[in-house]
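Architecture at a glance
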Amino acid sequence: MANRFSETQTAIIQPCLPHYRVTFFAELNRRVADGVVVLAGPHSFGSSPRSVEQAPGVNWIRVENIFLGNQLVIQKLPRWVVRADIVVLSFDLRTISNLYLFERRKRLKLPVILWGHGFSPRPNLPQWVRRLRVWWAHQADAVIFYSDKGKQDFVSAGLPADKLFVARNSIDLEAIRRAAAKYSFERRDILFIGRLVPAKKADVLIQAFKYAQSRLPTGTHLLIVGDGPERTRLKAMAQETQLADAVEFVGEKTNETELAPLFARSIVSVSPGPIGLAAIHSLAYGVPILVSDNEPHGPEIEALVPGKNSEYFPANDSTALADRLVELLTQHSRLIEMGLRGQSLVQSKYSVQNMADVFLQAFDYVTRDRW
């Protein structure tokens with residue numbers, strides 16, 4: 001944490017500081033002359049994601065999040081943020097303190113950037129919520145989206161394209177390269193990586209693995225990487241289906257040195273529920289993805305090109321997923337080629353350096369007429 005903060009700095013306000021954001025914020029802090037201050041609480045809605053304990057290279061102020069039920073939050077922010085040079089807020093109407101800060105800065109004619117999703121990936125988003133998000137984006141000095149679709153939706157809603165930016169969610173590709181270099185790839189296993197919560201539908205994958213196991217190459221294992229409230233039930237499910245020896249519950253892993261050997265063993269990654277940054281993570285290691293076709297996926301779904309670096313299966317259909325697993329795992333060389341295509345895509349578009357470039361462009365855009 002920095003020793004002192006001032007109104008000459010750029011402030012980025014987030015619900016929490018998860019591990020996958022540390023490298024990006026450190027890169028941005030390194031490249032902004034007066035530094036970037038991240039103000040973040042201990043965790044987001046539903047206690048996930050959670051903040052890291054340490055964030056090397058990041059100027060981080062830990063703030064208190066006061067949750068009002070499961071839908072709203074107030075963050076207790078220091079007073080100097082009101083007059084900071086630039087403030088980046090989560091594009092999230094649930095954070096009441098963001099709305100208050102936004103209004104105060106607009107009165108002072110100080111720039112505010114919104115950062116986040118365009119319209120929610122949830123189906124049937126109420127029209128009044130869509131209209132409110134469009135109005136808020138109109139009032140902001142700039143908006144940074146996670147995806148091209150997010151930007152295009154708001155251009156179609158009448159916003160000028162020049163104030164809209166796309167910073168694709170990225171990860172530390174250099175850390176992945178260093179970690180992966182220590183392992184020889186023995187790709188044979190099926191990988192699931194994510195929170196063990198009902199929405200991720202790991203049970204659909206375990207059931208599919210049961211249906212497919214006798215038709216898969218000998219020695220194929222299912223690796224379950226993650227933790228959460230569903231862990232006990234899922235382990236019991238694996239035991240009941242006599243898969244205990246073939247399904248490995250690895251637990252939560254966030255360090256690339258721990259993840260690299262697991263990716264090195266994997267020939268395909270499967271997402272039975274919504275997929276987000278895990279898509280970029282898998283492709284960065286050269287592991288193609290099998291993903292459900294009807295879920296509220298995150299913006300990272302744009303990276304998945306069917307037949308090139310991924311394939312789809314009908315949502316909630318364990319039998320269809322089993323058949324797809326059998327089909328794909330008999331095409332080992334094709335999966336390797338798909339993984340290489342995915343890896344190349346991530347290296348060209350999803351680095352933290354590219355993400356920081358976009359933020360710097362947005363910073364320049366909102367300040368160019370002030371000095």
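This write-up is about the structure you can find in this document.

Calculation rules
All residue numbers here refer to positions counted from 1 along the written sequence of the relevant chain. Where local features are concerned, this predicted model is filtered to residues with pLDDT of at least 70; where side-chain atom pairs are given and counted, the filter is 80 or more; whole-chain, interface and lining totals use all residues. Processing note: side-chain calculations cover all non-hydrogen atoms of the structure and skip hydrogens and water entirely. Per the convention used, a helix needs a DSSP run of H or I reaching at least four residues, while a strand needs a run of E reaching at least two, with both numbered from the N terminus. For each residue, the accessible area found with a 1.4 Å probe, counting protein chains only, is set against the maximum for its type, and the residue is called buried under 20%, exposed over 50%, and partly exposed in between. Residue contacts follow a heavy-atom distance rule, with two residues in contact if any of their heavy atoms lie within 4.5 Å. Strands qualify as paired when DSSP identifies two bridges or more between them. What counts as an axis is a line fitted to C-alpha atoms, over the stretch in contact for a helix, and the angles between N-to-C directions run from 0 to 180 degrees. In these notes, a set of buried Ala, Val, Leu, Ile, Met, Phe, Trp, Tyr and Cys residues joined through side-chain atoms within 4.5 Å is what counts as a nonpolar core. Salt bridges are identified by distance alone: a Lys or Arg side-chain nitrogen within 4 Å of an Asp or Glu carboxyl oxygen.

**Structural notes on the environment of Leu234**
Among the structural elements, Leu234 can be located in helix H7 (residues 231-240). Classification of Leu234 as buried rests on a relative accessible area of 2%. Apart from residues no more than four positions distant in its own chain, Leu234 is found in contact with Leu196, Ala202, Asp203, Ile206 and Phe249.

**Some points on the sheet that holds strand S12 (residues 247-251)**
Spatial strand order, S12-S11-S10-S13-S14-S15: 6 strands in an open sheet with parallel pairing. A strand with exactly one partner marks an edge of an open sheet, and here the two such strands are S12 and strand S15 (310-313). Neighbour to neighbour, the strand axes of the sheet diverge by 25° on average, direction disregarded. The sheet contact formed by strand S11 (residues 222-225) and S12 spans 4 bridges and is parallel. The residue of S12 that forms the bridge with Leu222 is Val247.

**Observations concerning the nonpolar core**
As a rule of thumb, nonpolar side chains are buried together in soluble globular proteins. Core analysis: the largest hydrophobic core is formed by 33 residues, its most contacted members being Ile190, Leu321 and Leu325. For this core, the elements supplying multiple residues, two or more each, are strand S10 (189-193), helix H6 (202-212), S11, H7, S12, strand S13 (266-271), helix H10 (318-329) and helix H11 (332-349). The element that contributes the greatest number of residues to this core is H6, accounting for 7 residues. Residue contacts for Leu321: discarding those within four places in its chain leaves Val204, Leu205, Ala208, Val270, Leu290 and Phe313. In this structure, Ile12, Leu17, Trp115 and Ala167 belong to the second largest nonpolar core, which totals 32 residues.

**Considering the pattern of salt bridges**
What the rule picks out here adds up to 25 salt bridges. A salt bridge links Lys76 to Glu64; its shortest N-O distance comes to 3.7 Å. In this pair, Lys76 sits in strand S5 (residues 72-76) while Glu64 sits in strand S4 (residues 64-68), placing the two residues 12 residues apart along the sequence. The class for Lys76 is partly exposed, based on a relative accessible area of 48%. Notably, a salt bridge pairs Arg107 with Glu103, separated by 3.3 Å at the nearest N-O pair. Remark: Glu103 and Arg107 occur in helix H2 (residues 96-107); sequence separation between them is 4 residues, near one turn of the helix. Residue class for Arg107 comes out exposed when judged on its relative accessible area of 66%. When its relative accessible area of 39% is taken as the criterion, Glu103 is described as partly exposed. One connected set of salt bridges, linked through shared partners, spans Glu186, Arg188, Asp189, Glu248 and Arg265.

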